[in-house]
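# Observations on the three-dimensional arrangement
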Amino acid sequence: MSLLDPVSVPPLAEAYPCAPARLRHYLAEEPLLSLPALADAARVLPRSEVGEWGEPCEVAGLPRAVPQAPADPLALLQSGGPGRRGVVLRDLMRLPGYRALVLRLVRELEPVIARATGPMQALRARAFISWTNLRTPFHFNPAYMLLLQIRGDRVLAAYPAAPPFLDLARREAHLREGTKRLEWRPELAAVGHQHVLAPGDGLCLPHAAPHWVHSGEGLSIALALSWQCRRTRAEADALALNPLLRKVGLPPYDPAVRRAAPWLRAAASRAGQRLGLV
Ligand SMILES: [Fe+2]
């Protein structure tokens, strides 16, 4: 049985890798993605792969009745919640059952993905669990992302991976410091495309597309796949070369300005990294 609704695949093929694409999936009843199974997974994963995420949202007119979360996200998961923050399981593919499930998904995605961007690289699978309204502030992840809503609902607002939403300075800050958060300005609220995701809905985002997320009231579970391709890895290498280029008076690489893949700059960057210059 397929995991993706085949009707979703042609629109995904049309949109990927440039635009967000909605799809439908059949994972909402998957036992491995139930709360008890994810609590078991959290027990087996290295402690460093189980963390907290999100910020509580104030809901106008409603009292804040949610109790304080235990400090330990593993304890929070095992108690079944609720918590004021969510729990993220960061590297589910370490576990054979989850790895097999993700690879089944990849087999269905890969004909579309590989045709556009080549083989999926650095594939990761994470699960996000929350029990109350939570928000993830405006940010970007330097990866392609497929978010599959399993339980409850969430809203994800997506923006183009280009100025004024994501500029070169922010891309370089991420490489330098790991900063993913982006400055929020109220006027952005009217610009992003808000996708409401219920169980069975999925959303594929272009590489590094800025977004914010609100998970809804009650238990919300989502599975997120992220990946790179040969070109996005070359872009990251080319960006890493920018500080050195500036020092010697050469123009930096900006993916928003140069449409061609930066193969030469990436090769120079990798050579520089080997020599300890980058
Ligand atoms: Fe994100």
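Details of the structure are given in the entry above.
Residues numbered from 1 in each chain as written. Predicted model: local features only at pLDDT ≥ 70, side-chain atom pairs only at ≥ 80, totals over all residues. Heavy atoms only, no water.

### Notes on the coordination of the iron ion
Surrounding the iron ion are the protein donor atoms His139 (NE2), Asn141 (OD1) and His211 (NE2), which sit 2.1 to 2.3 Å from the metal. Summarised as a motif, the one-chain spacing of the donors to the iron ion is H-x1-N-x69-H. A single burial state applies to His139 and to Asn141, both of which are buried. (Donors = N, O, S within 2.8 Å, 3.2 Å for Na, K, Ca; no water. Buried < 20%, exposed > 50% of the residue type's maximum accessible area, 1.4 Å probe, protein only.)

### Comments concerning the sheet that holds strand S2 (residues 50-53)
The strands making up a sheet associate through hydrogen bonds between their backbones, and the pairing can be parallel or antiparallel. Across the sheet, seven strands lie side by side as S1-S10-S7-S12-S5-S4-S2; this open sheet has antiparallel pairing. At either end of the open sheet lies a strand with only one pairing partner, and these are strand S1 (21-24) and S2. Neighbour to neighbour, the strand axes of the sheet diverge by 25° on average, direction disregarded. Across four bridges, the pairing between S1 and strand S10 (residues 201-205) is antiparallel. Residue Leu23 lies in a different strand from S10, and its bridge partner there is Gly202. This element, helix H4 (residues 96-117), spans strand S5 (121-130), strand S7 (144-151) and strand S12 (220-228) of the sheet and lies at about 45° to S12. Packing against the sheet, helix H6 (residues 230-247) makes contact with S5, S7 and S12, and its axis sits at approximately 90° to S5. (Pairing = 2+ DSSP bridges. Helix = DSSP H or I, 4+ residues; strand = E, 2+ residues; numbered from the N terminus. Axes fitted to C-alpha atoms, helices over the stretch in contact; angles between N-to-C directions. Contact = heavy atoms within 4.5 Å.)

### As for the packing of H6 against helix H7 (residues 263-274)
Interhelical geometry of H6 versus H7 gives an angle of 65° and a closest axis separation of 7 Å. Crossing of H6 against H7: the hand is left-handed. Within the contact between the two elements, H6 uses Arg230, Arg231, Ala234, Asp237, Ala238, Ala240, Leu241, Asn242 and Leu245 and H7 uses Trp263, Arg265, Ala266, Ala268, Ser269, Arg270 and Gln273. For the contact of H6 with H7, a count of residues per class yields eight nonpolar, three polar and five charged. (Left-handed = near helix turned anticlockwise from the far one by under 90°. Nonpolar A, V, L, I, M, F, W, Y, C, P; charged D, E, K, R; others polar.)

### Some remarks on H6
Counted at 1.5 Å a residue, the expected span for H6 with its 18 residues is 26 Å, and the 27 Å between its end C-alpha atoms agrees. Where H6 bends most, at Leu241, the angle is about 35°, and the proline Pro243 comes one to four residues later. Looking at H6, one finds that the buried residues are Thr232, Ala234, Glu235, Asp237, Ala238, Leu239, Leu241, Asn242 and Leu245. Those residues of H6 that are buried lie in contact with S7, helix H5 (168-177), S12 and H7. (Expected span 1.5 Å × (residues − 1). Bend = angle between axes of the 7 residues up to and from the residue.)

### Focus on the environment of Ala13
Looking at the secondary structure, you find Ala13 in helix H1 (residues 9-15). Separated by ten residues in sequence, Ala13 and Leu23 have C-alpha atoms that sit 11 Å apart. When near neighbours in sequence (up to four residues on either side) are disregarded, Ala13 contacts Val112 and Arg115.

### Description of the sheet that holds strand S6 (residues 134-139)
Strand order in this open sheet of five strands is S3-S6-S11-S8-S9, and the pairing throughout is antiparallel. In the strand order of this sheet, the two ends are held by strand S3 (55-56) and strand S9 (193-197), each with one partner. Two elements, strand S8 (residues 154-158) and S9, share five bridges in a ladder whose sense is antiparallel. Its bridge partner being in S9, Arg154 is matched across the sheet by Leu197.

### A look at the packing of aromatic side chains
Within this structure, the stated rule accounts for eight aromatic pairs. Here Tyr159 and Trp184 contribute two aromatic rings whose centre-to-centre distance is 6.4 Å and whose plane-to-plane angle is 85°, an arrangement assigned as edge-to-face. Placement of Tyr159 in the loop between S8 and H5 and of Trp184 in the loop between H5 and S9 is noted, with a sequence separation of 25 residues between them. Given the relative accessible area of 3%, Tyr159 is considered buried. Feature note: the residues Phe138, Tyr159, Phe165 and Trp184 constitute an aromatic cluster, connected by ring pairs. (Phe/Tyr/Trp six-rings, centres within 6.5 Å; stacked < 30°, edge-to-face > 60°.)

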